[in-house]
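Observations on chain architecture
In case you want the letters, here they are:
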Amino acid sequence: MEEVIEQKLEELRLLIGNSTLYQEAKKHRERLLLDEDLLKEIQFLQECTNIYSEEYRARKKKLFENKDYQDYQKFENELYVLSLQINQILNQLTGKGDSCFL
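Cut-off values and rules
- Residue indices begin from 1 for each chain and proceed along its sequence in written order.
- Selection of residues for local features in this predicted model requires a pLDDT of at least 70, selection of side-chain atom pairs for listing and counting requires 80 or more, and totals for whole chains, interfaces and linings are taken over all residues.
- For the side-chain quantities, the full set of heavy atoms in the structure was used; hydrogens and water were omitted.
- Note on terminology: a nonpolar core comprises buried Ala, Val, Leu, Ile, Met, Phe, Trp, Tyr and Cys residues joined through side-chain atoms within 4.5 Å.
- When accessible area is computed with a 1.4 Å probe and restricted to protein chains, residues below 20% of their type maximum are described as buried, those above 50% as exposed, and intermediate ones as partly exposed.
- Where helices and strands are cited, they refer to DSSP runs of H or I of at least four residues and of E of at least two residues respectively, numbered from the N terminus.
- Residue contacts are counted whenever heavy atoms from the two residues lie within 4.5 Å of one another.
- Only Phe, Tyr and Trp rings take part, Trp by its six-membered ring, and two of them pair if their centres are within 6.5 Å. Stacked means planes under 30 degrees apart, edge-to-face means over 60, and tilted covers everything else.
- By the criterion adopted, a ring carries a charge over it if an Arg CZ or a Lys NZ lies within 6 Å of its centre and within 35 degrees of its normal.

**Side note on the nonpolar core**
With 8 residues, the main nonpolar core is built from Leu32, Leu38, Leu45, Cys48, Tyr56, Leu63, Tyr69 and Tyr72. Only α3 (36-47), α4 (54-65) and α5 (67-94) provide two or more residues apiece to this core. In contact with Tyr69, not counting residues within four places along its chain, are Leu32, Ile42, Leu63 and Phe64.

Printed below as a string of structure tokens:
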């Protein structure tokens, strides 16, 4: 049974890696990494200790208005939900985890 699960997981990994969803997320991530100004904004937000400051809120708003960032977040969220669904199925197959459903 374990060997079959490992084989199916490898097939799943290949399917996800070749999927349009994954490729689009990867493309948008690479685009974000090339934008130095956007990376500086993200770094500031990560390092900021006062998340209630006006500067923090203004920079965060600017970040979320960025079309590339919006697109990346959309695909990242879809991949996250997919991974949760896969984990749920794996937990059911292996008899581990909760029985709650998404």
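**Describing the environment of His28**
Along the chain, His28 turns up in helix α2 (residues 20-33). With relative accessibility at 6%, the residue His28 sits in the buried group. Counting along the chain gives 53 residues from His28 to Val81, while the straight-line C-alpha distance between them is 18 Å. Sequence-distant contacts of His28, that is, excluding residues within four places in its chain, are made with Asp68, Asp71, Tyr72 and Phe75.

**Here's the deal with the packing of aromatic side chains**
This model, assessed by the stated rule, comprises 1 aromatic pair. Taken together, a centroid distance of 5.4 Å and an interplanar angle of 85 degrees make the contact between Phe64 and Tyr69 edge-to-face. Judged by relative accessible area, Phe64 falls into the partly exposed class, the value being 40%. For the cation-ring pair, Arg59 lies above Phe44, with the distance from its terminal atom to the ring centre recorded as 3.9 Å. Across the ring face of Phe75, the terminal group of Lys74 is positioned such that the distance to the ring centre comes to 4.7 Å.

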